[in-house]
Amino acid sequence: MKKILSGLFAAALGCLTVPAFAAGDAVKLPSYDWSFEGVFGTYDKASMQRGLQVYKDVCAGCHSLDLVAMRNLLDLGYSADEVKAFAADYTVEDGPNGEGEMFERAGKPSDYFPNPFPNEQAAAASNSGKAPPDLSLMAKARVGGPTYIRALLTGYEDTPEGLDIEDGMYNKYFPGHQIAMASPLYEEAVEYSDGTPATIDQMAADVSHFLMWAAEPKLEARKSTGIKVMIFLIIFTLVMYAAKRKVFAKVH
Ligand code: HEC
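Calculation rules
- Think of each chain on its own: its residues are numbered from 1, step by step along the sequence as written.
- Totals for whole chains, interfaces and linings use every residue, but because this is a predicted model, local features are given only for residues with pLDDT of at least 70 and side-chain atom pairs only at 80 or more, for both listing and counting.
- The basis for the side-chain values is all heavy atoms of the structure; hydrogens and waters are excluded.
- Each metal's donors comprise the N, O and S atoms found within 2.8 Å of it (within 3.2 Å for Na, K or Ca). Water is not part of the atom list, so some coordination spheres may appear incomplete.
- Irregular is the label for any site that misses the other tests, which are tetrahedral for four donors with all angles between 85 and 135 degrees, and square planar for four donors or octahedral for six when opposite donors exceed 155 degrees and the remaining angles lie between 65 and 115.
- Only DSSP runs of H or I covering at least 4 residues are called helices, and only runs of E covering at least 2 are called strands; the numbering of each starts at the N terminus.
- Each residue gets one of three labels from its accessible area relative to the maximum for its type: buried under 20%, exposed over 50%, partly exposed in between, using a 1.4 Å probe on protein chains only.
- For cavity detection a 1 Å grid was placed over the protein atoms alone, and a set of points counts as a cavity when a 1.4 Å probe fits there but cannot get out; an open set counts as a pocket when protein lies on both sides within 12 Å along at least five of seven lines, with lining residues being those that have an atom within 4 Å of a point.
- Grid points are joined across faces, edges and corners, and a volume is the space filled by probe spheres set on the points.
- Under the convention adopted here, Pro, Cys and the residues Ala, Val, Leu, Ile, Met, Phe, Trp and Tyr are nonpolar, Asp, Glu, Lys and Arg are charged, and Gly plus all remaining residues are polar.

A. Spotlight on the coordination of the iron atom of the ligand. Around the iron atom of the ligand, the protein contributes the donor atoms His63 (NE2) and Met181 (SD), which lie 2.0 to 2.1 Å from the metal centre. Geometry at the iron atom of the ligand is octahedral, judged from its six donor atoms and the angles of 84 to 178° they form at the metal. Here His63, found in the loop between helix 2 (45-57) and helix 3 (80-88), pairs with Met181, found in the loop between helix 6 (146-153) and helix 7 (200-215); they are 118 residues apart in sequence, far enough to count as distant. Judged by relative accessible area, which is 25%, Met181 ranks as partly exposed.

Structural data, given as structure tokens:
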């Protein structure tokens, strides 16, 4: 019995410990202000629209975004017609048709973002052996989430003396520092349609904001439900307290 109890206790303790990077790798992430943080946090649509532009013009060359459909872009503040036009810019494979042939057609809002590579092997072969991971849930998959992605995109530095890492492949925030993705961003890599200057910092912030939305599109609804539930619970507590006083007033 004692053994079982101590086993359970050890297991419970195990659940409490937070996974950490290997010792020595833990670089503290910078802290950024995100509009979606805090109880009342919401997404910044202008930033997400710019982030979409960065994803489309830069990241989509290597990274898929499998779980996001074009129609989801309505969340970013686009009209149905704008989403239609955006989707139509893509060519997607469909079929088979009546003759059993696959065919190509213009994208529709119900289509998902197309994958830049036909399969994982092709993706790895074009990227020095490492396939670029899908970005749909990336903002939830890494410790630090959007803050990690933003830091990573701005974390390229010259390789410090004594390390055997090819120039351009040293990233301060990547675990182990040797990354197989060369810095995808450079000044003016995109031309923002809202005229915002496209600095590396700005693009990193916007695309991370966009990827946070991709990973958690229902964040705002979740927060507002949470607030309503809290308000309800507070009022309910007051009502119950008043009722209790009234009932017990007669008993005494
Ligand atoms: C030329 C191809 C290429 C482009 C363009 C590119 N990436 Fe990558 N990316 C990669 C590869 C390859 C990896 C895998 C790196 C590794 O594991 O060493 C990667 C990994 C990542 C990771 C995961 C890092 C980790 O912790 O595992 C993130 C996040 C990421 N990329 C974001 C982006 C964003 C955002 C953009 C657009 C601004 C972008 N990438 C553009 C090739 C690319």
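B. Expanded view of the layout of surface pockets. Approximately 580 Å³ is the volume found for the largest pocket. In this structure, the largest pocket is lined by 23 residues; those nearest its centre are His63, Pro133, Leu152, Ile179 and Met181. Listed by contribution, the elements that provide at least two residues to the lining of the largest pocket are helix 6 and helix 7. The dominant element in the lining of the largest pocket, judged by the number of residues it contributes, is helix 6, at four residues. Lining of the second largest pocket is provided by 14 residues; of these, Gln49, Leu52, Gln53, Tyr78 and Ser193 occupy positions nearest its centre. Elements with a minimum of two residues in the lining of the second largest pocket: helix 2 and helix 3. With seven residues, helix 2 is the largest single contributor of residues to the lining of the second largest pocket. Along the lines of polarity and charge, the residues of the lining of the second largest pocket split into six nonpolar, three polar and five charged.

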